[in-house]
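# Residue-level structural notes
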Amino acid sequence: MKIRSILFILGVTFSQFSLAQQTLPRDPDCCTSIMVGKLASTDGSVMTSHTCDSWYRTWVNVVPAADFANDTVMNIYDGRMHTESVNDQTKLTVKGQIPQAKHTYAFLDTAYPCLNEKHLAMGETTISGRDTLRNPKGMFMIEELARVALQRCTTARDAIQLMGKLVKEYGYGDSGECLTIADPKEVWHFEIFGEGPDQIGGVWAAVRIPDDEVGVSANISRISTLNLKDTRNYMASENVFSVAKKLKLWDGKEPFKFWKVYGGPNYFGKMQAFSIREFFILSTLAPSLKLSMDDEELPLSVKPEKKISNADVMAYLRQTYEGTEWSVTKNLKVAVKDRKTGKTDTITSPRANPWMRTDEVQLFNALQKGAVTANRNVAVPQCAYSTVIQLRDWLPDAVGGVCWFGMDKPGQSTRVPIFCGTTDLPEMFTICGNHRYRLDAALWHYRQANKLATVRWGNARKILEKNLLHFERKGLEELPMVEQRYAELVKSQGEEAAKAYLTDYTKDFIGATLLRWDEMTAKYWNDYRFGF
């Protein structure tokens, strides 16, 4: 969906909240996830997504399916999100063990595991919640719950139910978390918290996003009332009400709202179930709803006035609110004289970029009070990687599920297709680049160009955005060809040969993007040879 035409309308609304944005905490542990029902997408795909907005590991691996003997156990870890490579055991601890399944499915092992071979996908956002709820004695961190579910489940419902059982038996040790869980038929918004210091367990709720709607999660608990009689659209732990009463978070008389009881105030300290990211995305999808920043809560999801594509979701994850009152660079204007006509025009300074560091913001504001307000963009500089996952029930699992994966921040990096049937990734993808500078990690091949581009973003963005969109369109336009070739190979040579083709296609695509970003790095260094 094209959203530029309605950004101006939102500008006035955004300005009402700009004062609060000046005190926005710069917490790196923040992510954004957009969910799309199959009737809300242009092609019938179900989608989930995730921006991993922190200094987590960037290595990615495809863990193969496996079979196990009876009485085998499975280790449950803490610390997997901060290892430097697939086999790195540094600061990795075993929190406990659970019985292993006889058969496990192959899955894409990102910091927050995101896709398995059976068309089951997940996104994530940390929603924190009340500090009093966390119990570190619980066995499961959220990424380990996701890992186990992806290895054992084929549907979103099954995954939610399994995670609920695991938490009840072994305990949940993480802060408040949201998983956006999708299969080719439906997508669910799942939130979970601990039960407090006196009980090793967990409390959770899940709401199904209607097929014709789009939902958003962005670091704030958003589930409101629960109609547990409607089992098609709601699920919750059996203790969802009793824990609230026990911990004196709910008196049993006021209407029960999950976010208010367990999530508490948002990251501004306001008792609201949303902030700028949810408001921006939902408002641009359905402007006629006239959503207000003054409301206590927004709808968990909305019916978009135009169906949206996977490219639209990618565009939302690139958002920095450019062209609105919430743009970080809106006041950084300079006068430029046209050498041919002699006319002077006012433009945003080429030096301005939407990912400025705190010291840069302070400098601009020292020179002119109020020049820059600190807003929480969707695309942030500390992002490790991001995913947009589309699931298509009219195609075989191996080629129907596609993870459009982007290394480094989504505002500058392009995406590569990793299929459910992809069995291996380039060696560079199996090494994390967030621990140190190392060119054997794919991250730095993207990050070097991205960081250099921000020095003179107004000039550098022209070539970077051109390349970003080139590969995005290339991947989307070539999908029908890939699907056809996969089907031909399955018929003529079998499933193994067809998956080998998907794997080679993914590797070739990744290689092309790495080369292009290396070329941009060289160009930017040459452009800056006389100084920054």
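Now for a look at the structure at hand.

How each quantity is defined
- Residues numbered from 1 in each chain as written.
- Predicted model: local features only at pLDDT ≥ 70, side-chain atom pairs only at ≥ 80, totals over all residues.
- Heavy atoms only, no water.
- Core = buried A, V, L, I, M, F, W, Y, C linked by side-chain atoms within 4.5 Å.
- Buried < 20%, exposed > 50% of the residue type's maximum accessible area, 1.4 Å probe, protein only.
- Helix = DSSP H or I, 4+ residues; strand = E, 2+ residues; numbered from the N terminus.
- Contact = heavy atoms within 4.5 Å.
- Axes fitted to C-alpha atoms, helices over the stretch in contact; angles between N-to-C directions.
- Parallel < 35°, antiparallel > 145°, perpendicular 65-115°, else oblique.
- Left-handed = near helix turned anticlockwise from the far one by under 90°.
- Nonpolar A, V, L, I, M, F, W, Y, C, P; charged D, E, K, R; others polar.
- Polar contact = N/O pair within 3.5 Å; in protein donor to acceptor, adjacent residues only side chain to side chain.
- Pairing = 2+ DSSP bridges.
- Patch = residues over 30% accessible without salt bridge, like charges linked within 9 Å, V, L, I, M, F, W, Y side chains within 5 Å.
- Areas by Shrake-Rupley, 256 points an atom, 1.4 Å probe, with all protein chains shown as cover.
- Salt bridge = Lys/Arg side-chain N within 4 Å of Asp/Glu carboxyl O.
- Phe/Tyr/Trp six-rings, centres within 6.5 Å; stacked < 30°, edge-to-face > 60°.
- Lys NZ or Arg CZ within 6 Å of the ring centre and 35° of its normal.

This part is about the nonpolar core. One finds Ile181 and Tyr262 to be the most contacted residues of the largest nonpolar core, which totals 139 residues. Ranked by the residues each element gives to this core, the list is headed by helix α13 (residues 495-527), at 10 residues. In this view, Tyr262 contacts Gly129, Arg130, Leu133, Phe193, Val203, Asn239, Val240, Val243, Ala244, Leu249 and Phe256; residues no more than four positions away in its chain are not counted. Core analysis: the next-biggest nonpolar cluster, separate from the first, contains seven residues, Ala352, Met356, Val361 and Val372 among them.

With that out of the way, let us pick up the packing of helix α3 (residues 142-152) against helix α4 (residues 156-170). Each pair of packed helices gets described by two things: the angle between the helix axes and the distance between those axes. With their axes 9 Å apart at the nearest point, α3 and α4 run at an angle of 130 degrees to one another. One finds that α3 runs oblique with respect to α4. Note on packing geometry: the crossing formed by α3 with α4 is right-handed. Every residue of α4 that contacts α3 at Leu145, Ala146, Val148, Ala149 and Arg152 is listed here: Ala159, Leu162, Met163, Leu166 and Val167. Its residues placed into classes, the contact of α3 with α4 shows nine nonpolar, no polar and one charged.

One can find Thr48 in strand β2 (residues 46-53). In this structure the side chain of Thr48 is engaged in a polar contact, spanning 2.6 Å, whose partner is the side chain of Thr180. Residues contacting Thr48, with those up to four places away along its chain left out, are Ser33, Ile34, Met35, Ala121, Met122, Gly123, Thr180, Ala182, Val388 and Ile389.

Within the open sheet, the seven strands sit side by side as β16-β14-β1-β2-β19-β20-β21. Their pairing is antiparallel. For this open sheet the edge positions go to β16 (301-302) and β21 (416-419), each flanked by a neighbour on one side alone. Across four bridges, strand β20 (residues 401-407) lies against β21 in antiparallel orientation. Note that in β21 the partner of Trp404 across the bridge is Pro417. In the packing of helix α12 (residues 457-492) onto the sheet, the strands contacted are β19 (385-391), β20 and β21, and the crossing angle to β20 comes to about 150 degrees.

Looking now at a nonpolar patch on the surface. Among the surface-exposed residues, Val334, Val336 and Ile347 lie close enough to one another that they form a single nonpolar patch of about 180 Å² accessible area. Here Val334 lies in strand β17 (residues 333-337). On the accessibility criterion, Val334 (31% relative accessible area) is partly exposed.

Below, the discussion takes up unusual backbone geometry. Phi at Ser128 is positive, roughly 60 degrees, even though this residue is not glycine. Along the chain, Ser128 falls in strand β10 (residues 121-128). Judged by its relative accessible area of 38%, Ser128 falls in the partly exposed class.

All right, on to helix α7 (residues 276-285) then. Most of α7 is tucked away, with 10 of its 10 residues classed as buried. Within the sequence span of α7, burial applies to Ile276, Arg277, Glu278, Phe279, Phe280, Ile281, Leu282, Ser283, Thr284 and Leu285.

Within β20, seven of the seven residues are buried, leaving the element largely enclosed by the surrounding structure. On β20, burial covers both faces: Gly401, Cys403, Phe405 and Met407 on one face and Val402, Trp404 and Gly406 on the other are all buried.

For the structure on display, the rule yields 29 salt bridges. Note that Asp109 and Arg57 form a salt bridge whose closest N and O atoms lie 3.0 Å from each other. Here Asp109 is found in strand β8 (residues 107-109), whereas its partner Arg57 is found in the loop between β2 and β3 (61-63), with 52 residues between them in sequence. By relative accessible area, Asp109 is classed as buried at 2%. With a shortest N-O distance of 2.8 Å, Glu478 and Lys474 are connected by a salt bridge. One end of the pair, Glu478, and the other, Lys474, are both in helix α12, four residues apart, so they sit about a helical turn from each other.

Turning our attention to the environment of Phe364. Along the polypeptide, Phe364 turns up in helix α9 (residues 358-367). Taking the C-alpha atoms as reference points, Phe364 and Leu332, 32 residues apart in sequence, are found 8.6 Å from one another. Once residues lying within four places of it in the same chain are set aside, the contact partners of Phe364 are Leu332, Met356, Ala371 and Val372.

Here the structure, examined in full by the defined rule, presents 25 aromatic pairs. With 5.8 Å between their ring centres and 55 degrees between their planes, Phe405 and Phe429 make a pair best called tilted. Here Phe429 lies in the loop between β21 and α11 (442-455) and Phe405 lies in strand β20, a separation of 24 residues in the sequence. Like Phe429, Phe405 is buried. Aromatic side chains Tyr437 and Trp444 sit 5.0 Å apart centroid to centroid with 75 degrees between the ring planes, which places their arrangement in the edge-to-face category. Residue classification places Trp444 among the buried residues on the basis of a relative accessible area of 18%. Chaining the aromatic ring pairs together yields one cluster made of Phe419, Tyr446, Phe471, Tyr501, Tyr505, Phe509 and Trp517. Stacked on the ring of Trp355, the Lys or Arg Lys409 has its end atom at 4.8 Å from the ring centre.

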